Number of protein chains: 4
Amino acid sequence: MIIAMKQHCSEEEIRGFAASLEQRGVTVHVSRGVNQTVLGLVGDSSGFESESLEAHHLVEKVVRVQEPFKRANRLFHPEDTRIVIAGPDGISRSIGEGTLTVIAGPCSVESREQITAIARDVKAAGAGFLRGGVFKPRTSPYAFQGMGCEGLDLLLAAKNETGLPVVSELMEIHQLEVFDEVDVIQIGARNMQNFNLLRELGRCGKPILLKRGLASTVTELLMAAEYIMAGGNERVILCERGIRTFETFSRNTMDIAAVPYLKQKSHLPVIVDPSHATGRACLVPAASKAAVAAGADGLIIEVHNDPENALSDGEQSLTPEIFASLMGEIRNYAGLEHKTL
Amino acid sequence: MIIAMKQHCSEEEIRGFAASLEQRGVTVHVSRGVNQTVLGLVGDSSGFESESLEAHHLVEKVVRVQEPFKRANRLFHPEDTRIVIAGPDGISRSIGEGTLTVIAGPCSVESREQITAIARDVKAAGAGFLRGGVFKPRTSPYAFQGMGCEGLDLLLAAKNETGLPVVSELMEIHQLEVFDEVDVIQIGARNMQNFNLLRELGRCGKPILLKRGLASTVTELLMAAEYIMAGGNERVILCERGIRTFETFSRNTMDIAAVPYLKQKSHLPVIVDPSHATGRACLVPAASKAAVAAGADGLIIEVHNDPENALSDGEQSLTPEIFASLMGEIRNYAGLEHKTL
Amino acid sequence: MIIAMKQHCSEEEIRGFAASLEQRGVTVHVSRGVNQTVLGLVGDSSGFESESLEAHHLVEKVVRVQEPFKRANRLFHPEDTRIVIAGPDGISRSIGEGTLTVIAGPCSVESREQITAIARDVKAAGAGFLRGGVFKPRTSPYAFQGMGCEGLDLLLAAKNETGLPVVSELMEIHQLEVFDEVDVIQIGARNMQNFNLLRELGRCGKPILLKRGLASTVTELLMAAEYIMAGGNERVILCERGIRTFETFSRNTMDIAAVPYLKQKSHLPVIVDPSHATGRACLVPAASKAAVAAGADGLIIEVHNDPENALSDGEQSLTPEIFASLMGEIRNYAGLEHKTL
Amino acid sequence: MIIAMKQHCSEEEIRGFAASLEQRGVTVHVSRGVNQTVLGLVGDSSGFESESLEAHHLVEKVVRVQEPFKRANRLFHPEDTRIVIAGPDGISRSIGEGTLTVIAGPCSVESREQITAIARDVKAAGAGFLRGGVFKPRTSPYAFQGMGCEGLDLLLAAKNETGLPVVSELMEIHQLEVFDEVDVIQIGARNMQNFNLLRELGRCGKPILLKRGLASTVTELLMAAEYIMAGGNERVILCERGIRTFETFSRNTMDIAAVPYLKQKSHLPVIVDPSHATGRACLVPAASKAAVAAGADGLIIEVHNDPENALSDGEQSLTPEIFASLMGEIRNYAGLEHKTL
């Protein structure tokens, strides 16, 4: 961290300020120029905030040279993280490093017939994981809120029938009790900065699929991962799912450049959700291929056997037929990126 | 709700589609034009989502005529809501309708001396409520996370000493147990769409100060209020606190037009947080006066007796002196808006 | 400007890099810390770009301490700029410093009757300037494009009849030939970064009302003013007119904090356009009062005698009656800010 | 266009309003429901604006069913447009339909050696067109503004030496006189809504590469193309180059989903500028591949032989070596999309 002091600062003021910083655990090196004195902080400055330091009347500007995240930082962990998950079929599946993971399934579990049929279809098409929501965050209190524990039973039945590990969204910490057989816990965009929840997830051993908040920067996403990792759980999967912008043709704006950026800054696997990012089924295939070409480690795609009558997100769900056709294309793109599906 | 059907739809298809809508509890009126058939839905369409309906292959466009919120809607509740809170000094304070409420205090409670001194200062300057955070949502797991229950005790001591009712942020539902003497529960921007939490707050009797999410529309803010109100708690105070945009000179972009818009659409009190909206102490006075001139029912302002050494948000905190001077100006503005401070 | 060098840089590399900077006209002071060397640039660094410098393989981070604008900078021109305009009635009108200027009139000049009637009405209500567009930037090539020179004649006739100086938008430089009697040239949001046009305006002697681009930062607005001022024309009026964000209830999001920020950073007058900023007549009064309370030096408000049949922007135009009533309120707010209307 | 009338409208009011619409050239069909009357407009409604109609006191909501653009609309022109350009080497090059076009070169022409060397390099790597700016839109009046006509001569010399047709940015209409030998005219993001310029370009016969404005919707981009096409010039190439959002790790946010959306809505070729969209050389390769995978008809990429000393945009320029390596990858991606490079 570099702190440019204001021009009028006296020698004594600078010494006093530097001392106050050193009391917080860093070493301060003072560089005096003709017009300006610059302080360089050596050591762990992750507890300092640029904004707070800039509130000080002696400070002109603060520049953070080091990223504020540590455990998620590729600098300190150059190798790609690979998360291994054992399915009920006895097959271990990896997420990250050399693998392209496709997670597919409906937005919400709606009935035994629905989830089982979709599970079979996505498995046949080559998906490695089954997704299905049972606790649903909905903008309106009057909209369908998910099937809850009953839906979870149906999802687990589909898991056992097909052998696909399952991904499902957790909305509050006490739901962890019933998520025992859920293989990957999804944390939705709205909970990305639910810090108490993140802290608790740091204590559970399960892989966490962490979705980027709809107005969160990628640095904030990495800091959210850091919350989980700081608690001891390093099995975090980052998920780009579109950000909110002024543009309205798509539900969100898919931030494709976030994929290579996150891969450069962090060792964690990065997957993309083209369904939420675009919000329109007709844009999902192109967005999926683009994500793979940009270096994503996986995709999470909404598939529904009857999108027109889906209880949620029908407008962005692919039919099993279109999904199967897309999987054929994705296989070729994964090959160009040296990844196996 | 109005649904424009695609041009090629047959008579039979339209009848079938209309029937499926009627099964969900609305009456459908079919209007046939030369090129296009339009359906008008009569009754409660708050459970319908435009996007889902547009997923149907027969549907061209959907227009919502009615707002999706009911209890928060001024249409069904034309009078301003007034929330009355009794302080420990025996004086009842109102929020809304004819009153300008000023809530002031530090971002975080840091010590007994700090909170007590600030409480006395803001009371002397004319503030009606004391704010102070004890559970703090922080972007970094390595930053100060608030004093917790110990801080709460200090806040309540300051309440009892000054007679000012207190506002403090709650981050998860089980903290409700220790919030018994907190007069107004603040829900932060990051929890505005923590739907499970909102639902629980609907069951508690306390006034809720609900902050707009940093990427939430005003309609989503009203829907979040609706979650709380649907549970039976109608004592909700809406708070504009700036939205995230491309502009970086201010921490957020204060959406001043949201104030008259919310007042027109809803009967709930609307307050403004100029401290978070601008993020810079030098912009807070102008932003505060603008909020009052735009019709806000109150302000929540960060005041710290030593901003340079504040443990959080020092850059946006006013000193007690500047706050007192601002209060003098605000009083005049409130007068022009026929509000008593 | 402060440049933090990468840690691995050799003494020789740093000397070479510093020398290359000095060749571009600045003095470089090298401060060596234990881990990091920092360069301080002294002199005029307005020709340097942070991004370009960060492209260099030896550079870690660049911080601009000085603002990139000079002529518009309050640092070098502490007194408020006051722009004096002589009306056809022989009365001189000031914009800036102690004055609140209200510019009112229709979006487009539509007919002699229309512009004359509105001119009389806004004058009677206390407006100091008449606005009226004759060359209109329209999103669709099929929409009404303004009356052109014919409209200009009608606008000037209204000017002469009422004595009000006029403000009208110029879209390309050759229109300057016919703008001889236009008192203030308006440059619209879409032309704020039409740099060739700005450069030409620097050579004309007329006051320029420069609107902020809908995705421009305030720094970019000041740089656009700098283009005009660098050419010799220092009579620039800055105009906040809302920025484009994700929110859709208003046409744009009015950035109220930009008013005090621009006033602090620059000596130029700052006015606000609540009509374009909100896009809805029902929000214009509150937004206007807020702008005055935030310290604006003026307002530019759309007024139409028949908004429902206006050829453009009817949805955001006030009727003369509502405008007159608003003027009564604005007078009181201006008084609180020690400004005369 | 569908207009939902307010509930209280009388029969007579509706008749009068419908008649006023018919006078503007459409046929109006009135559909009466129990609570609400809906008008359907048949015919060319491209001159109507939803916002203006909603200003009318009888109108509740307006829905546009038809897109507001016609000549750019795939509905009326189902086949892909293919733009053929003859190079100085006698070879005709196509843009659109089955071809992947790569335009490469420096941000600015800086010297004969620079542009010639880069031209040779990008040709050898397989680029089909050479880009090079000579009139540069720069945020600061103190930054390098391009070499002007002298630079144009150097660009044309490089064209003649290599046989590559050239693309260069035009900033105002009178520059057309010197653009005779420029093969494709680029219109920058800041001029996308310079309507007078667009109108003039409609009268010239040259292909126009039209960049999306940094805060423009894709519909506004198509309306800008419509301006050019309405004047008779149908040779328009659309260019996605990133939009401005809250995210700062990249210069802009590349809107990848705009590619399939534009291809679905329009028959015009769509190319992507990954250099401006990301603003960082290390993100350009991934963004380029993603664009091809998403269905883009081409790429425009900044290449510089000495990025660290480039006079502009060095931070986002690829070296010739990295560009050549990227071209190898792009060729494979183009193959998967059935496009020849």
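Residues numbered from 1 in each chain as written. Chains lettered and ligands numbered in written order. Predicted model: local features only at pLDDT ≥ 70, side-chain atom pairs only at ≥ 80, totals over all residues. Heavy atoms only, no water.

## With respect to the overall build of chain A
Then, in step 1: Of the regular secondary structure elements, chain A holds 10 helices and 14 strands.
Then, in step 2: If one aligns the C-alpha atoms of chain A with their principal axes, the spans along those axes are about 75 × 40 × 40 Å.
Then, in step 3: In chain A, of all internal contacts separated by at least 6 residues, the share reaching a separation of at least 24 is 67%.
Then, in step 4: Taking the average location of the 34 positive side-chain charges in chain A and that of its 43 negative ones, the two points are 2 Å from each other. (Helix = DSSP H or I, 4+ residues; strand = E, 2+ residues; numbered from the N terminus. Contact = heavy atoms within 4.5 Å. Lys, Arg positive; Asp, Glu negative; His and termini not counted. Charge placed at Lys NZ, Arg CZ, Asp CG, Glu CD.)

## Here's the deal with the interface of chain B and chain A
Accessible area lost on assembly of the parts is the figure often given for the size of an interface.
Then, in step 1: Across the boundary between the two partners, chain B contributes 42 residues, which contact 42 residues of chain A.
Then, in step 2: Roughly 3800 Å² is buried in total at the junction of chain B and chain A, and carbon and sulfur atoms are behind 48% of that figure.
Then, in step 3: Here chain B and chain A share four salt bridges between them.
Then, in step 4: Its salt-bridge partner being Glu49(B), residue Arg138(A) comes within 2.6 Å of it at the nearest N-O pair.
Then, in step 5: Counting across the interface, chain B meets chain A through 26 residue pairs in polar contact (both at pLDDT 80 or more).
Then, in step 6: Per element, the largest residue contribution to the side of chain B that touches chain A is five residues, and it comes from helix α6 (residues 218–230) of chain B.
Then, in step 7: Residue classes in the side of chain B that touches chain A are distributed as 12 nonpolar, 16 polar and 14 charged. (Buried area = accessible area lost by both parts, 1.4 Å probe. Salt bridge = Lys/Arg side-chain N within 4 Å of Asp/Glu carboxyl O. Polar contact = N/O pair within 3.5 Å; in protein donor to acceptor, adjacent residues only side chain to side chain. Nonpolar A, V, L, I, M, F, W, Y, C, P; charged D, E, K, R; others polar.)

## Focus on the environment of Met5(C)
Residues and elements named next belong to chain C.
Then, in step 1: Along the chain, Met5 turns up in strand β1 (residues 2–5).
Then, in step 2: Given the relative accessible area of 0%, Met5 is considered buried.
Then, in step 3: Once the C-alpha coordinates of Met5 and Gln36 are considered, the two residues, 31 residues apart in sequence, prove to be 6.5 Å apart.
Then, in step 4: Leave out the neighbours within four places in its chain, and Met5 touches Ile14, Phe17, Gln36, Thr37, Leu39, Leu58 and Glu60. (Buried < 20%, exposed > 50% of the residue type's maximum accessible area, 1.4 Å probe, protein only.)

## Digging into the interface of chain D and chain A
Then, in step 1: Between chain D and chain A, the contact holds 35 residues from the first and 35 residues from the second.
Then, in step 2: Counting the surface lost from both chain D and chain A, the interface buries some 2900 Å², and carbon and sulfur atoms represent 70% of this.
Then, in step 3: Across the chain D-chain A interface, the total number found is four salt bridges.
Then, in step 4: Inspection of the chain D/chain A interface yields 10 residue pairs in polar contact (both at pLDDT 80 or more).
Then, in step 5: Elements that contribute at least two residues to the side of chain D that touches chain A include exactly α7 (258–265), α9 (284–293) and α10 (320–336) of chain D.
Then, in step 6: Tallied by class, residues from the side of chain D that touches chain A come to 20 nonpolar, seven polar and eight charged.

## A look at the pattern of salt bridges
Then, in step 1: The full count for this structure, using the stated rule, is 88 salt bridges over all chains.
Then, in step 2: Through salt bridges with shared partners, a single ionic network connects Arg74(A), Asp80(A), Lys263(A), Asp297(A) and Lys339(A).

## Here's the deal with the side chain of Ser108(B)
Residues and elements named next belong to chain B.
Then, in step 1: In this fold, Ser108 is placed in the loop between β7 (101–105) and α3 (112–125).
Then, in step 2: Residue Ser108 is classed as buried on the basis of its relative accessible area, which comes to 1%.
Then, in step 3: A distance of 2.8 Å separates a polar atom in the side chain of Ser108 from a polar atom in the side chain of Ser312.

## Observations regarding the sheet that holds strand β4 (residues 59–63) of chain D
Residue and element names in this part refer to chain D.
Then, in step 1: On the basis of which strands lie adjacent, the open sheet formed by four strands has the order β2-β3-β1-β4 and antiparallel pairing. In this open sheet, the two strands that pair with only one neighbour each are β2 (27–32) and β4. The sheet shows a mean angle of 20° between the axes of neighbouring strands, direction not considered.
Then, in step 2: Here three bridges tie strand β1 (residues 2–5) to strand β3 (residues 37–42), and the two strands are oriented antiparallel to one another. The residue bridging Ile3 from the neighbouring strand is Leu39, located in β3.
Then, in step 3: Along the sheet, helix α1 (residues 11–22) makes contact with β1, β2, β3 and β4, crossing β2 at roughly 155°. (Pairing = 2+ DSSP bridges. Axes fitted to C-alpha atoms, helices over the stretch in contact; angles between N-to-C directions.)

## Quick notes on the relation of the copies chain B and chain A
Then, in step 1: If you rotate chain B by 180° and push it 0.0 Å along the axis, it lands on chain A with an RMSD of 0.0 Å. On this basis, the relationship between the two copies can be described by a two-fold rotation axis. Residues of chain B ranked by C-alpha distance from the rotation axis are headed by Ala215(B), positioned 2.8 Å from it.
Then, in step 2: Here 100% of the contact residues of chain B are again contact residues in chain A; the copies associate through an equivalent surface. (Least-squares fit on C-alpha atoms with pLDDT ≥ 70 in both.)

## Quick notes on the domain arrangement of chain A
Then, in step 1: Segmenting chain A into domains produces domain 1 (2–63) and domain 2 (83–336).
Then, in step 2: One C-alpha centre belongs to domain 1 of chain A, the other to domain 2 of chain A, and the line joining them spans 43 Å. (Domains from an automatic or database assignment.)

## Things to note about the packing of helix α6 (residues 218–230) of chain D against α7(D)
Residue and element names in this part refer to chain D.
Then, in step 1: For the pair α6 and α7, the least separation of the axes is 11 Å and the interaxial angle reads 45°. If you check the angle between α6 and α7, you find them oblique. The crossing of α6 and α7 is right-handed. Here Val218, Leu221 and Leu222 of α6 come into contact with α7, specifically with Ala258, Tyr261, Leu262 and Lys265.
Then, in step 2: Looking at the contact of α6 with α7 residue by residue, the classes come out as six nonpolar, no polar and one charged. (Parallel < 35°, antiparallel > 145°, perpendicular 65-115°, else oblique. Left-handed = near helix turned anticlockwise from the far one by under 90°.)

## Observations regarding the nonpolar core
Then, in step 1: Among the nonpolar cores identified, the biggest contains 318 residues, and Phe323(A), Phe323(B), Phe323(C) and Phe323(D) are the most heavily contacted of them.
Then, in step 2: Apart from residues no more than four positions distant in its own chain, Phe323(C) is found in contact with Val102(C), Ala104(C), Val122(C), Ala125(C), Ala127(C), Ile301(C), Val303(C) and Leu318(C). (Core = buried A, V, L, I, M, F, W, Y, C linked by side-chain atoms within 4.5 Å.)

## Notes on the relation of the copies chain D and chain A
Then, in step 1: With an RMSD of 0.0 Å, the operation that places chain D on chain A is a rotation of 180° combined with a shift of 0.0 Å along the axis.
Then, in step 2: Most of the interface of chain D is mirrored in chain A: 100% of its interface residues are interface residues there too.

## A few points about unusual backbone geometry
Then, in step 1: Phi is positive for His338(A), which is not a glycine, with a value near 60°.
Then, in step 2: Among the structural elements, His338(A) can be located in the segment after α10 (320–336).
Then, in step 3: Exposure remark for His338(A): the relative accessible area of 70% places this residue in the exposed category.
Then, in step 4: The backbone of Asp313(D) sits at a positive phi, close to 60°, despite the residue not being glycine.
Then, in step 5: Mapped onto the fold, Asp313(D) is located in the loop between β14 (298–302) and α10.

## Details of the side chain of Ser52(B)
Then, in step 1: Following the sequence through the fold, Ser52(B) ends up in helix α2 (residues 50–54).
Then, in step 2: The residues touching Ser52(B), leaving out its near neighbours within four places in the chain, are Asp313(A) and Glu315(A).

## Some details on the pairing of strand β11 (residues 208–211) of chain C
Residue and element names in this part refer to chain C.
Then, in step 1: Here β11 shows a buried face lined by Ile208 and Leu210 and a second buried face lined by Leu209 and Lys211.
Then, in step 2: The parallel pair strand β10 (residues 184–187) and β11 is bridged by helix α5 (residues 195–201), and the resulting crossover is right-handed.
Then, in step 3: Examined bridge by bridge, β11 and strand β12 (residues 236–240) share four bridges and lie parallel to one another. Bridging across to β12, Ile208 finds its partner in Val236. (Right-handed = clockwise from strand over helix to strand, strands pointing away.)

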